[in-house]
Amino acid sequence: MNKEKIMEIYLMRHGESHINKEKYSVVTEVSSEEIGFEPDLSERGKAESLLTGQEFKRLGIKFNKIICSPMLRALRSAEFILKGMEEPEMHVDVDPKTFEQGGSSSKKTVKVGDKITYKGLSKAKIEKMFPFARVPADQISDEGWYTKD
């Protein structure tokens, strides 16, 4: 019997972030003390991501490849999903082309208030914070990932 190989693709958005929790959008003008330069997941977002990973494990779903945005909230979601799946050796390919479109992301910088411009997490920072992440040097610089087209 010749079995067809079927590709399954799962698309996910990050877990709840502090911005989502407080009902801010990426273009809302607020101070950096309120949301931070790159919002992390809320406690609920971490729990959502962990439960998602646990559900993948329960269903017997395994991944050949995981691709993730370089945004902190997406990387943190991947971290908790991998914990839930109990897949400590799994790597995640970071691709800056997968970030959410529109708002400040379309301008390649984040303006918080009237003075601060943020260029996204740098390659070194991503690798330090998320050892499971594979970061392409030609796409994410030491200045930050928003700086590459």
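Please refer to the structure placed before this passage.
Just so it is clear, the model here is predicted, and its values are computed rather than measured.

1. Thoughts on helix H3 (residues 43–58)
Here's step 1: Across its 16 residues, H3 extends 22 Å between first and last C-alpha, which sits within 8% of the 22 Å expected from 1.5 Å per residue.
Here's step 2: Buried residues of H3: Gly45, Ser49, Gly53 and Phe56, and no others. Projection of H3 onto a plane perpendicular to its axis shows the buried side chains occupying an angular sector of 75°, all on one side. In H3, the exposed positions that point more than 90 degrees away from the buried face belong to Glu43, Arg44, Leu51 and Arg58.
Here's step 3: Turning to H3, the residues buried within the fold contact helix H4 (72–85).
Here's step 4: Positive backbone phi, at 75°, marks Gly60, one or two positions downstream of H3.

2. Notes on the side chain of Ser17
Here's step 1: Following the sequence through the fold, Ser17 ends up in the segment before helix H1 (18–21).
Here's step 2: Look at Ser17 and you get buried, because its relative accessible area is 1%.
Here's step 3: Every residue in contact with Ser17, bar those within four places of it in the chain, is listed here: Asp40, Leu41, Ser42 and Arg73.

What counts and how
- For every chain, the first residue of the written sequence is number 1, and numbering continues from 1 onward in sequence order.
- Local features in a predicted model are, by the rule used here, given only for residues with pLDDT of at least 70; side-chain atom pairs are given and counted only at 80 or more, and totals for whole chains, interfaces and linings are based on all residues.
- Neither water nor hydrogens contribute to the side-chain values; these are computed over all heavy atoms in the structure.
- Only DSSP runs of H or I with at least four residues qualify as helices, and only runs of E with at least two residues qualify as strands; both kinds are numbered from the N terminus onward.
- In this analysis, the expected span of each helix is defined as 1.5 Å times one less than the number of residues it contains.
- Burial classification: accessible surface area is computed with a 1.4 Å probe over protein chains only, and a residue below 20% of its type maximum counts as buried, one above 50% as exposed, and the rest as partly exposed.
- The arc refers to the directions leading from the helix axis to the C-beta atoms.
- Residues count as neighbours in contact if any of their non-hydrogen atoms are within 4.5 Å of one another.

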